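Structure assessment
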Amino acid sequence: MALASIHARLLLSSTSASFLRRSLSSSSSLSFFPLRFPRASFCCSASDDLSATTAATVPPASASPPPQGKETEEEEKESGKDPVREAAEALDIRVGKVLKAWRHPEADSLYVEEVDVGEPEPRTICSGLVNYVPLELLQDSKVVVLANLKPRNMRGIKSNGMLMAASDEAHENVELLVPPEGAVPGERIWFGSEDEKDKQSDAATPNQVQKKKIWESVQPHLKTTEACVAVLGSLPMRTPAGEVICKSLKNARIS
């Protein structure tokens, strides 16, 4: 009888527990006994735990991008280079002195000059200046020479360079560029400030100048200022002795 009584009590307890669970699951009014509990850590509230999880998985909107590396900065500097100035640095522009000049025997508009450009032998250069520059002014004058052009045959005489000059828009007035007093034949001319002389790159070869059309890309950017100073854009044409000028043509093109 005792065993039967115990068995009856256990069965009743199991039935009651089952009934209680069904009642709790179907009741919406027992708010004091929630069916789910938020998962919280031992050191923070549930809301703190959620905030921490969000912060760990979603970067803040104000987070700044990682700093650029040195290579990226160098690439930006490279891309910022002025292609016209780079091309101008490849030109071999020198101070020259005309040792001798005469009329071309086969071309009425041409002079022939022997010009000292700092080499063992003077260069022979043909210039179309007969209608603009008197022969006596050309003789013994200091000039500016573009020295790395390919030689050209001009009516039977090979011309090895070009005298640089300024001209007005109508090409009715032409003046030779003039190096400053004290400039030495053979000195290489650059564009910019005095301290940029040592930053010059090596001049291109005559073949490179022709193939890459270096002179054609630079020439449209050459001019004179209101003060008759020869410039590339705003950069003065300079020798160790000072700036290159023309005699009187202002805002003139250079070729």
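Residues numbered from 1 in each chain as written. Predicted model: local features only at pLDDT ≥ 70, side-chain atom pairs only at ≥ 80, totals over all residues. Heavy atoms only, no water.

In the annotation of an unreviewed UniProt entry, the entry for the protein chain reads tRNA-binding domain-containing protein, and the organism field reads Rhynchospora tenuis.

**Details of the side chain of threonine 224**
Selection criterion: Labels follow the DSSP assignment, with helices taken as runs of H or I lasting at least four residues and strands as runs of E lasting at least two, numbered in each case from the N terminus. The definition of a polar contact used here is a pair of N or O atoms within 3.5 Å, where within protein one atom must be able to donate a hydrogen and the other to accept one, and adjacent residues in sequence count solely through side-chain atom pairs. Contact definition: two residues touch when any of their heavy atoms are within 4.5 Å.
Structurally, threonine 224 is set in strand β11 (residues 222–224). Among the polar contacts made by the side chain of threonine 224, one reaches the main-chain carbonyl oxygen of leucine 249 at a distance of 2.9 Å. One polar contact links the side chain of threonine 224 to the main-chain amide nitrogen of asparagine 251, over a distance of 3.1 Å. When residues no more than four places from it in sequence are discounted, the contact partners of threonine 224 are Ala166, Val229, Ala230, Cys246, Leu249, Lys250, Asn251, Ala252 and Ile254.

**Examining the confidence of the model for the protein chain**
Low-confidence regions, as indicated by low pLDDT, have predicted coordinates that should not be scrutinised in detail. The following threshold applies: Summary of the metric used: pLDDT quantifies the predictor's per-residue confidence within the range 0 to 100.
Per-residue confidence for the protein chain gives a mean pLDDT of 79, with 69% of residues at or over 70. Low pLDDT, under 50, characterises residues 1–8; the stretch is placed with zero contacts to residues that sit more than four places away or in other chains. Ignoring residues within four places in sequence, the model shows residues 23–73, a span with pLDDT below 50, making eleven contacts including any to other chains.

**Structural notes on the pairing of strand β1 (residues 93–103)**
In regular strands, side chains alternate between the two faces of the sheet. Worth spelling out the cut-off: Here, strands pair whenever DSSP counts at least two bridges between them.
With five bridges joining them, β1 and strand β4 (residues 142–146) adopt antiparallel strand pairing. By the bridge assignment, valine 95 is partnered in β4 with valine 144. Two strands pair when backbone bridges link them, and β1 and strand β2 (residues 111–116) are joined in this way by six bridges, in the antiparallel orientation. What sits directly across from valine 98, in β2, is valine 115.

**Observations regarding the pattern of salt bridges**
Which entries qualify depends on this criterion: Salt bridges are identified by distance alone: a Lys or Arg side-chain nitrogen within 4 Å of an Asp or Glu carboxyl oxygen. For every residue, the accessible area obtained with a 1.4 Å probe (protein chains only) is divided by the maximum for its type, and the residue is called buried under 20%, exposed over 50%, and partly exposed between those limits.
With the rule as written, the count across this model stands at seven salt bridges. Across the salt bridge formed by arginine 94 and aspartate 92, the nearest N and O atoms sit 2.9 Å from each other. Judged by its relative accessible area of 14%, arginine 94 is buried. Across the salt bridge formed by glutamate 119 and arginine 123, the nearest N and O atoms sit 2.9 Å from each other.

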